[in-house]
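# Survey of secondary and tertiary structure
Below, each chain spelled out in residue letters.
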Amino acid sequence: MRVLVFQHIKGEHPAAFAQLMDAHGDTYDIVRFYEDDPIPDMSDYDMLLVMGGPMDVWEINDNPWLISEKEAIRYWVKELKRPYLGICLGHQLLADALGGECTLMNTAEVGLLSIDIAAAGKIDPVFQSFETSLKCMQWHGVHVTELPDNTVCLAANDICPTQAIRYGKHAYGVQFHPELITGLLEDWLSDSANSDWLEGFLGKEGAQNMVADVNTQISTVLETSKILYTGIRRLAHP
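Structural notes, computed from the coordinates.

The rules behind each value
In this numbering scheme, every chain counts its residues from 1 along its sequence in written order. Only residues with pLDDT of at least 70 are given local features in this predicted model, and only at 80 or more are side-chain atom pairs given and counted; all residues enter the totals for whole chains, interfaces and linings. Values shown for side chains rest on all heavy atoms present in the structure; no hydrogens or waters enter the calculation. Put simply, two rings from Phe, Tyr or Trp (the six-membered ring, in Trp's case) pair if the centres are within 6.5 Å, and we call them stacked under 30 degrees between planes, edge-to-face over 60, tilted for the rest. Secondary structure follows DSSP: runs of H or I at least 4 residues long count as helices, runs of E at least 2 residues long count as strands, and numbering of each begins at the N terminus. Buried means the residue's accessible area, taken with a 1.4 Å probe over protein chains only, is under 20% of the maximum for its type, while exposed means over 50%, and partly exposed covers the values in between. Should DSSP find at least two bridges between two strands, the strands are taken to pair. Every axis corresponds to a line fitted to the C-alpha atoms, with the helix fit spanning only the stretch in contact, and the corresponding angles, defined between N-to-C directions, vary from 0 to 180 degrees. Should any heavy atoms of two residues lie within 4.5 Å, those residues are considered in contact. In this analysis, a patch consists of residues with relative accessible area above 30% that form no salt bridge, clustered at 9 Å for like charges and at 5 Å for the nonpolar side chains Val, Leu, Ile, Met, Phe, Trp and Tyr. Surface accessibility follows the Shrake-Rupley procedure with a 1.4 Å probe radius. Residue values consider only the protein chains on display as shielding. A carboxyl oxygen of Asp or Glu within 4 Å of a side-chain nitrogen of Lys or Arg is what we treat as a salt bridge. Oblique is the label for every angle not falling under 35 degrees (roughly parallel), over 145 degrees (roughly antiparallel), or within 65 to 115 degrees (roughly perpendicular). Crossings are classed by handedness, with left-handed meaning an anticlockwise turn of the near helix from the far one by less than a right angle and right-handed meaning a clockwise turn. Each residue is assigned to one class: nonpolar for Ala, Val, Leu, Ile, Met, Phe, Trp, Tyr, Cys and Pro, charged for Asp, Glu, Lys and Arg, and polar for all the others, Gly among them. Polar contact is defined as a pair of N or O atoms within 3.5 Å, subject to the rule that within protein one atom must be able to donate a hydrogen and the other to accept it, and that residues adjacent in sequence are counted only when both atoms are side-chain atoms.

## Looking at the packing of aromatic side chains
- Counted according to the given criterion, the structure contains eight aromatic pairs.
- With a centroid separation of 5.1 Å and an interplanar angle of 15°, the aromatic rings of F33 and W65 are classed as stacked. Placement of the pair is F33 in the loop between β2 (27–32) and β3 (47–50) and W65 in helix α2 (residues 65–80), with a sequence separation of 32 residues.
- A relative accessible area of 14% places W65 in the buried class.
- Taken together, a centroid distance of 6.2 Å and an interplanar angle of 5° make the contact between F127 and Y172 stacked. With F127 in the loop between α4 (119–122) and β6 (133–146) and Y172 in strand β9 (residues 171–174), this pair connects stretches of sequence that are 45 residues apart.

## Points about the sheet that holds strand β5 (residues 101–117)
- Strand order in this open sheet of nine strands is β2-β1-β3-β4-β9-β8-β7-β5-β6, and the pairing throughout is mixed. Looking at strand neighbours, the two that pair on one side only are β2 and β6, the edges of this open sheet. Going from strand to strand, the sheet's axes swing by 20° on average, the running direction of each strand aside.
- Relative to β3, strand β1 (residues 2–7) runs parallel, the two sharing four bridges. Looking at β3, one finds that L4 is bridged to L48.
- Against the sheet, helix α1 (residues 16–23) makes contact with β1, β2, β3 and β4 (84–87), and its axis sits at roughly 150° relative to β2, the strand it touches most.

## Things to note about a nonpolar patch on the surface
- The grouping of W197, F201 and L202 at the surface amounts to a nonpolar patch, some 250 Å² of accessible area in total.
- Following the sequence through the fold, F201 ends up in helix α6 (residues 192–202).
- On the accessibility criterion, F201 (34% relative accessible area) is partly exposed.

## Focus on the environment of I123
- Position of I123 relative to the elements: it lies in the loop between α4 and β6.
- A relative accessible area of 68% places I123 in the exposed class.

## Topic: the packing of α1 against helix α8 (residues 218–236)
- Two elements in contact, α1 and α8, have axes whose closest approach is 10 Å; the angle formed by their N-to-C orientations is 55°. Comparing the axis directions of α1 and α8 gives the class oblique. Seen along the crossing, α1 lies across α8 with a hand that is right-handed. Where α1 approaches α8, its residues A16, F17, L20 and M21 are matched on the opposing element by L222, S225, K226 and Y229.
- Taken together, the residues of the contact of α1 with α8 sort by class into six nonpolar, one polar and one charged.

## Quick notes on the environment of N157
- In this fold, N157 is placed in the loop between β7 (151–156) and β8 (164–167).
- Judged by its relative accessible area of 12%, N157 is buried.
- Considering only alpha carbons, one finds N157 and S114, 43 residues apart in sequence, at a separation of 7.2 Å.
- For N157, the contacting residues outside a window of four places in its chain are E109, S114, I115 and Q163.
- Polar contacts involving the side chain of N157 include one to the side chain of E109, which spans 2.7 Å.
- At 3.1 Å, the side chain of N157 and the backbone nitrogen of I159 are in polar contact.

As structure tokens, then:
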């Protein structure tokens, strides 16, 4: 299987999903928008994986490639109708590109927090493999507030009611970060803007505790990424 990856900044790369693609013998190409990579002929690929990033879906002046990326997502999901997985920003881009709405939250959601599988998730071919509640890494200040047509909510919590969505039968978005592997969070925090923001939000001790908490749960996060990838991959190769 061939996977196309949309990556928005250097630090938010496929990580656990790269390991899973390698394990399955799948190949992947990465479009690095931060390096002005062009989008290739998408018809050559079986799955689209869209990563996270610090920009917001409406920040097209600072990130003009967002316009072509949204067009590509619409084409992939509505015309090619092939499996899609969007993570954090990729989740928001799926909703926005298809006519939904994303807005700023009253307060950001950060840390290893629980989400609950919704009624639609319990009968979803991918999400039914999860327990009714699972812990996920969160780091976002925007959420999906209006779903596009033909879209269902698969998971939620009290802070963010759209933790996971599915458009049609093949396009998934998750607000949380299932791609974490050991050391990835530390890589994110090696960026001074990220570390300064996190310490401002949680305090220095709180930020340190969050990193320690996440690192004790990496195996749980890896199981989440495995369920997501194998489940969505099965849509391309039933």
